[in-house]
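# Fold and contact review
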Amino acid sequence: MIIREILSGVLLISGFIFMTVSAVGVVRLPDFFSRLHASSIGETLGIVLAGIGLAIYGGLNLTSAKILLVVAALFLVNPLGTHLISKAAIRSGEQPWREDSHADISH
């Protein structure tokens, strides 16, 4: 029982770290596409790790099965949604950030 609690704790903390880094990336990165990428990758991995940690902590029961179904759905839907959002942004004229395009702002 103690091994299950330790493993679930490690997974929950790892998920929290990934979601925190993702949130920092959304605040710190320069353009829409970089922020979207940070949000998608960090959030997906963080939720998957945290969900698996919760399922392990809960043991073998119906609640854990439901948690794993939600995690599987998010694992599939979140990247798809991010792709569609970025595709819509490109079609609406959003341009990716380039370092040389912002070099002359100070003049």
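First things first, this report covers the structure right here in the doc. The shown structure was predicted, so the numbers you read here are calculated from the model rather than taken from an experiment.

Conventions used here
- Residues numbered from 1 in each chain as written.
- Predicted model: local features only at pLDDT ≥ 70, side-chain atom pairs only at ≥ 80, totals over all residues.
- Heavy atoms only, no water.
- Axes fitted to C-alpha atoms, helices over the stretch in contact; angles between N-to-C directions.
- Helix = DSSP H or I, 4+ residues; strand = E, 2+ residues; numbered from the N terminus.
- Parallel < 35°, antiparallel > 145°, perpendicular 65-115°, else oblique.
- Expected span 1.5 Å × (residues − 1).
- Buried < 20%, exposed > 50% of the residue type's maximum accessible area, 1.4 Å probe, protein only.
- Contact = heavy atoms within 4.5 Å.
- Polar contact = N/O pair within 3.5 Å; in protein donor to acceptor, adjacent residues only side chain to side chain.
- Phe/Tyr/Trp six-rings, centres within 6.5 Å; stacked < 30°, edge-to-face > 60°.
- Patch = residues over 30% accessible without salt bridge, like charges linked within 9 Å, V, L, I, M, F, W, Y side chains within 5 Å.
- Areas by Shrake-Rupley, 256 points an atom, 1.4 Å probe, with all protein chains shown as cover.
- Salt bridge = Lys/Arg side-chain N within 4 Å of Asp/Glu carboxyl O.
- Left-handed = near helix turned anticlockwise from the far one by under 90°.
- Nonpolar A, V, L, I, M, F, W, Y, C, P; charged D, E, K, R; others polar.

## Thoughts on the packing of helix α2 (residues 32-58) against helix α3 (residues 62-91)
Between α2 and α3, the least distance of the axes is 9 Å, while the angle of their chain directions is 175 degrees. Relative to α3, the element α2 is oriented roughly antiparallel.

## Observations concerning α3
Relative to the 44 Å expected for 30 residues at 1.5 Å per residue, α3 spans 43 Å between its end C-alpha atoms, a close match to the ideal helical length. Along α3, the residues that are buried comprise Ser64, Val71, Asn78, Thr82, Ser86 and Ala89. Lining the buried residues of α3 we find α2. Where α3 starts, the residue carrying a side-chain oxygen 3.3 Å from the main-chain nitrogen of Thr63 turns out to be Asn61.

## Re the packing of aromatic side chains
Here a ring pair, both rings aromatic, is described through the centre-centre distance and the interplanar angle of the planes. Inspection of the entire model under this criterion finds one aromatic pair. When the centroid spacing of 5.5 Å and the interplanar angle of 75 degrees are considered together, the rings of Phe32 and Phe33 count as edge-to-face. Of the residues examined, Phe33 reaches a relative accessible area of 16% and is grouped as buried.

## A few points about the environment of Gly59
Within the element layout of this structure, Gly59 appears in the loop between α2 and α3. A sequence separation of 30 residues divides Gly59 from Leu29, and the C-alpha atoms of the two residues are 39 Å apart. Not counting the four nearest positions on each side in its chain, Gly59 is found in contact with Arg4 and Ser64.

## Description of a nonpolar patch on the surface
Together, Ile2, Ile3, Ile6 and Val10 line one region of the surface with nonpolar side chains, adding up to about 420 Å² of accessible area. With respect to the helices and strands, the residue Val10 is situated in helix α1 (residues 2-28).

## Notes on the packing of α1 against α2
For any two helices packed against each other, the geometry is given by the interaxial angle and the distance between the axes. Put simply, α1 and α2 touch, their axes get as near as 7 Å, and they point 165 degrees apart. Comparing the axis directions of α1 and α2 gives the class roughly antiparallel. For the element pair α1 and α2, the recorded crossing hand is left-handed. Tallied by class, the residues present in the contact of α1 with α2 amount to 16 nonpolar, nine polar and four charged.

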